[in-house]
Amino acid sequence: LKNKSDDEKLMILDEYIKTHFESYAEGETINSTIKITEGNSKLKHSDFIFLYKYTFDALKIPYEIIATEDRFIGDLDEEMITFHEFTDINFYFRDLNKFISPNTGYLAYGNPGYEYQDTKAKGYNVAKKQGSYIYVPVISSDFTKTETESVVTLNADLSKVTIDKKVLNTGYLGQMVR
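As the structure is a prediction and not an experimental result, all values here were calculated from the model.

Chemist: How do you make sense of the packing of aromatic side chains when you look at a structure like this?
Modeler: Aromatic rings considered in pairs are described by the distance between their centres and by the relative angle of their planes. Within the structure shown, the criterion is met by nine aromatic pairs. Consider the rings of Tyr63 and Phe91, whose centres lie 5.7 Å apart with planes at 70 degrees: the pair is edge-to-face. Linking Tyr63 in the loop between helix H2 (45-59) and strand S3 (64-68) with Phe91 in strand S4 (residues 88-93), this pair joins segments that are 28 residues apart in sequence. In terms of burial, Tyr63 and Phe91 fall into one category: buried. For the pair Tyr92 and Phe99, a centre-to-centre distance of 4.8 Å together with 40 degrees between the ring planes defines the contact as tilted. Looking at Tyr92, the relative accessible area reads 7%, which means it is buried. With relative accessibility at 3%, the residue Phe99 sits in the buried group. An aromatic cluster is built from Tyr52, Phe56, Tyr63, Phe91, Phe93 and Tyr109, whose rings are joined through pairwise contacts. Over the aromatic face of Tyr133 sits the side chain of Lys120, whose NZ or CZ is 4.5 Å from the ring centroid. If you follow Lys122 out to its NZ or CZ, it ends over the ring of Tyr133, 4.8 Å from the centre.

What counts and what doesn't
- Residues numbered from 1 in each chain as written.
- Predicted model: local features only at pLDDT ≥ 70, side-chain atom pairs only at ≥ 80, totals over all residues.
- Heavy atoms only, no water.
- Phe/Tyr/Trp six-rings, centres within 6.5 Å; stacked < 30°, edge-to-face > 60°.
- Helix = DSSP H or I, 4+ residues; strand = E, 2+ residues; numbered from the N terminus.
- Buried < 20%, exposed > 50% of the residue type's maximum accessible area, 1.4 Å probe, protein only.
- Lys NZ or Arg CZ within 6 Å of the ring centre and 35° of its normal.

Shown next as structure tokens:
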């Protein structure tokens, strides 16, 4: 990672963590012994947040921790903020205008989840040690595309058809299939 940009480091880091660690399922017994160095443990939601945070600190990548509100549930009330309003904790990289959602395995580094777009999130800038607000952007519909390629083959007497189909998904469909 030495000669990589912060953007490249974050892409590699997010892919590694989401490939090598998985979240506990609801109701599953949580093991208190975590073997992070082996890269194959199950983690609690808070473990994912701490793992990302410590890695950002070690790599000296500036970040903000943001508490987001699902736009389908409601809006953030600036005058009376309570923990129960927030539906998820994410990381925001202001210099790159990109996000990491540590507890959403299918959502790759870069764009915010659809449920947080066009919302206001309460943030904390770790380097400046001050609170902030982030307006989560709406991602262009061009981001999500489905492309298909079909090859139809008929045998000589037309009695047999073979269809090879390739489906390419980008954006949210691609992330969920990931």
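Structure's up, so let's keep going.
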